[in-house]
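# Observations on the three-dimensional arrangement
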Amino acid sequence: MRSSTTPILEARHLRKVYSSAGGEITAVGDVNFSVAPGELLAIVGPSGAGKSTVLRMLTGLLAATGGQVLYRGHPVEGTPLDFALVFQDYARSLFPWFNIEKNVQLPLVNKVRDATERQRITERVLAQVGLPGMGRKRPTELSGGQQQRVAIARALAYAPTVLIMDEPFASVDAQTRAELEDLVLTLRAQSGATVLLVTHDVDEAVYMADRVIVLSRAPSVVLDSVTIELPRERDQINTKSLPAFALARARILSLIQQSSRHPATDTLATPKP
Ligand SMILES: Nc1ncnc2c1ncn2[C@@H]1O[C@H](COP(=O)(O)OP(=O)(O)OP(=O)(O)O)[C@@H](O)[C@H]1O
């Protein structure tokens, strides 16, 4: 998708300086980008580039030191109600003492007042993520991949306008990872949601995204915004065999490698006076 339309989300001169006992660390230097409605935007960069920090600022969970996040043209103060978040650590994002249904329904309690309707939505999303009839089980009775499906179902139940995912598939095996990537692509096609995905995995970013933002080492800036020239319908084997896939992958990997070879001088902690 091209971003010729009005952006739904914008990062303007985002900056984040963390203060810790050892001094100050400028994690995010000056990050600027915008996201079009319905776009799937992946954010990649070297380890420690500040990808998660940028994502947390976009969600309003973390205050920026400088700059602004705009959602539909308005500054974000606190997480907008139509955002849903999925993180890497499914084991900590599900409540082990609640069954699957209850876990999926928790964020819906204030949004959908009618309990029967909540139950109907829960059953629908569990079927959509391939876990029909599993609602009465507890998270510990499910595999890691199944637990992450529940986390995705919970986000989906909320019918978000913007789905934010931070390394959502990093803790599952390669086969499950591929299945979950395809699941998110299918759900995104059905819902039309805007999706932001932080990932370490350049192949995953190219496979899933419409566009990939490449961050430099900290203090990060956007090195490039790479539009992925692949058909919208993706397939784990055929898409990855296309020349356009290899070209985008090579370009992004080379940017990350170059960035890693030239460490930014102000990455190191500056001791407090
Ligand atoms: N709460 C915090 N307090 C102090 N420093 C932090 C905090 N959170 C992150 N940092 C530092 O900010 C920098 C960026 O961290 P962040 O987790 O955003 O990067 P990342 O690109 O997501 O990393 P990775 O790819 O390794 O997951 C790192 O140097 C990290 O140590």
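Not measured: the values here are computed from a predicted model.

Criteria and thresholds
Residues numbered from 1 in each chain as written. Predicted model: local features only at pLDDT ≥ 70, side-chain atom pairs only at ≥ 80, totals over all residues. Heavy atoms only, no water. Domains from an automatic or database assignment. Contact = heavy atoms within 4.5 Å. Buried area = accessible area lost by both parts, 1.4 Å probe. Salt bridge = Lys/Arg side-chain N within 4 Å of Asp/Glu carboxyl O. Helix = DSSP H or I, 4+ residues; strand = E, 2+ residues; numbered from the N terminus. Nonpolar A, V, L, I, M, F, W, Y, C, P; charged D, E, K, R; others polar.

## Concerning the domain arrangement of the protein
Along its sequence, the protein is carved into domain 1 (1-82 + 162-262) and domain 2 (90-159). On a C-alpha basis, the centroid separation for the pair domain 1 and domain 2 is 26 Å. Each side of the interface is counted separately: domain 1 has 15 residues, and domain 2 has eleven residues. Between domain 1 and domain 2, the buried area comes to about 970 Å², and carbon and sulfur atoms account for 68% of it. At the boundary of domain 1 and domain 2, one finds one salt bridge. A salt bridge links Glu179 to Arg149; its shortest N-O distance comes to 3.1 Å. When contributions to the side of domain 1 that touches domain 2 are tallied by element, the ones reaching two or more residues are strand E7 (162-166) and helix H6 (174-191). Residue classes in the side of domain 1 that touches domain 2 are distributed as ten nonpolar, three polar and two charged.

## Side note on unusual backbone geometry
Here Ala218 and Pro219 are connected by a cis peptide whose omega angle stands at -5°. Inspection of the secondary structure puts Pro219 in the loop between strand E9 (211-215) and strand E10 (220-227). A positive phi angle is found at Arg72, which is not glycine, with a value near 50°. Positive phi outside glycine occurs at Glu167, with the angle close to 45°.

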